[in-house]
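Read off the chains here:
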Amino acid sequence: MRDSLGVGVAVGLSGFAFGVTSVGAGLDLLQTCLLSLLVFTGASQFALVGALAAGGNPFTAAAGAFFLGTRNAFYGLRLSQLLALPRAVRPVAAHWVIDETTAVALAQPDRRTARLGFTVTGLTLYVLWNLTTLLGGLGAEALGDTDAWGLDAAGPAAFLALLAPMLRTATERAVAGLAVVVGLGLLPVLPAGVPVLAAALAAPAVLWARGRRIGKGGRR
C-alpha cells in the first residue's frame, strides 16, 4: 500500500504537465482529457503532443506514440502469469498495464500482494492522472512553462526508484546498463518510441553472451 500510493501520487501529479503541454500544443480540453482517459500511458501521450507541438504530421505523431506504447504489451505477458486475474476483469486490468503498475507488482513477494500493488497503483494513478490532466488543461495559461516546474520528471524518477532495488545480480545490472546505452544511442536517429523497443533487445543479448561464456567455461 505504501509503495502503491507513493508511486500513484508522485506520478499522478505529472498529469498537470501533460494537460498544460497538450493544450499548448493546440489540442482542446476535451481532446486532452480523452487522451488521458483512453490512452493512459504518459510517455506515449507526451510523445504525441510533443510531436504535434513541433509541427509534426498527426499521423506520424500517432505512430510514434503507438510504437512507444507497445512496450506495455511485453509487460502484459509477464503480468498475465504473475497476477492470473479472472477473465472478466482482464480487459479493465489491461488498461492499467503501464510502467508504474508493472514495477510495483513485480516488486512484491507473492501473488496476493502483487495483485494488491497493481490494483492500488493503477486506481490511484488513473484517478489522479486524469484529475490533474483536467486541472492542467484548465490552468495552462496560468502555469506557463512546464519545464520550469519539472513535473514531467516525476514519472521517470519514480520508475527508476522502483527499478534500482530490483537489479540485484550482475546480469540484471548489465541488461539495464546496455538498455540505457542502446536507447540513448538510438534516440537521435530513430522515430519516437522505437529506441525504447530496441533497448528491449539488451536482455536477450546479455543472456546470449552469458550463455556463451558459461559454455566456454564448461568446455575448458
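Since the structure is predicted, the reported quantities are computational estimates derived from the model, not experimental observations. (Residues numbered from 1 in each chain as written. Predicted model: local features only at pLDDT ≥ 70, side-chain atom pairs only at ≥ 80, totals over all residues. Heavy atoms only, no water.)

Novice: Help me understand the packing of helix H5 (residues 58-69) against helix H6 (residues 71-83), please; the structure alone is not making it clear to me.
Specialist: Working note: a packed helix pair is described by the angle between its axes plus the distance between those axes. Relative to each other, H5 and H6 sit at 20 degrees, their axes nearing to 4 Å. It follows that H5 is roughly parallel to H6 by the angle criterion. The residues of H6 that touch H5, namely those facing Phe67, Leu68 and Gly69, are Arg71, Asn72 and Ala73. The class makeup of the residues in the contact of H5 with H6 is 3 nonpolar, 2 polar and 1 charged. (Axes fitted to C-alpha atoms, helices over the stretch in contact; angles between N-to-C directions. Helix = DSSP H or I, 4+ residues; strand = E, 2+ residues; numbered from the N terminus. Parallel < 35°, antiparallel > 145°, perpendicular 65-115°, else oblique. Contact = heavy atoms within 4.5 Å. Nonpolar A, V, L, I, M, F, W, Y, C, P; charged D, E, K, R; others polar.)

Novice: Is there a simple way to explain the nonpolar core in this structure?
Specialist: If you look at the biggest cluster of nonpolar residues, it comprises 26 residues, and the most contacted ones within it are Leu35, Phe40, Val49, Leu79, Leu82, Leu83 and Phe118. Counting residues per element, the ones that place at least two in this core are helix H1 (2-12), helix H4 (42-53), H5, H6, helix H8 (99-106) and helix H9 (111-138). Discounting residues that sit within four places of it in the chain, phenylalanine 118 has contacts with Leu79, Leu83, Ala93, Trp96, Val97, Thr101 and Ala105. (Core = buried A, V, L, I, M, F, W, Y, C linked by side-chain atoms within 4.5 Å. Buried < 20%, exposed > 50% of the residue type's maximum accessible area, 1.4 Å probe, protein only.)

Novice: Looking at this model, I keep getting lost on the environment of glycine 8. Mind explaining?
Specialist: In this structure, glycine 8 sits in helix H1. On the accessibility criterion, glycine 8 (0% relative accessible area) is buried. For the pair glycine 8 and tryptophan 129, spaced 121 residues apart in sequence, the C-alpha to C-alpha distance is 8.6 Å.

Novice: So what exactly am I meant to see when it comes to the pattern of salt bridges here?
Specialist: It is possible for side chains bearing opposite charge to pair when their charged atoms get close. Across all of its chains, the model carries 2 salt bridges by this definition. A salt bridge links aspartate 3 to arginine 2; the nearest nitrogen and oxygen atoms lie 3.4 Å apart. Across the pair aspartate 99 and arginine 71 runs a salt bridge, and its minimum N-O distance is 3.1 Å. Of this pair, aspartate 99 sits in helix H8 while arginine 71 sits in helix H6; the two residues are 28 residues apart in sequence, bridging distant segments of the chain. Like aspartate 99, the residue arginine 71 is buried in the burial classification. (Salt bridge = Lys/Arg side-chain N within 4 Å of Asp/Glu carboxyl O.)

Novice: Whenever I open this one, the environment of leucine 160 confuses me. Can you help?
Specialist: Mapped onto the fold, leucine 160 is located in helix H11 (residues 154-163). Between the alpha carbons of leucine 160 and alanine 103 there is a distance of 9.3 Å; along the sequence they are 57 residues apart.

Novice: What am I meant to see in the side chain of glutamine 45 here?
Specialist: Along the chain, glutamine 45 falls in helix H4. Apart from the residues lying within four places of it in its own chain, the contact partners of glutamine 45 are Phe18, Leu35, Ser36, Val39, Phe40 and Trp129.

Novice: Would you mind showing me how to read the side chain of threonine 41 here?
Specialist: Mapped onto the elements, threonine 41 comes out in the loop between helix H3 (29-38) and H4. Taking relative accessible area as the criterion, threonine 41 reaches 7% and is therefore assigned buried. Only 3.5 Å separates the side chain of threonine 41 from the side chain of asparagine 72, close enough to count as a polar contact. Excluding anything up to four places from it in sequence, threonine 41 contacts Arg71, Asn72 and Ile98. (Polar contact = N/O pair within 3.5 Å; in protein donor to acceptor, adjacent residues only side chain to side chain.)

Novice: Just to check I follow, could you spell out the packing of aromatic side chains for this structure?
Specialist: By convention here, two paired aromatic rings are described through the distance between centres and the angle between planes. Applying the stated rule across the entire model yields 5 aromatic pairs. Look at phenylalanine 18 and phenylalanine 46: their rings are 5.7 Å apart centre to centre, the planes differ by 85 degrees, and that puts the pair in the edge-to-face class. Here phenylalanine 18, found in helix H2 (residues 14-24), pairs with phenylalanine 46, found in helix H4; they are 28 residues apart in sequence, far enough to count as distant. Accessibility expressed as a relative area gives 0% for phenylalanine 18, which makes it buried. (Phe/Tyr/Trp six-rings, centres within 6.5 Å; stacked < 30°, edge-to-face > 60°.)

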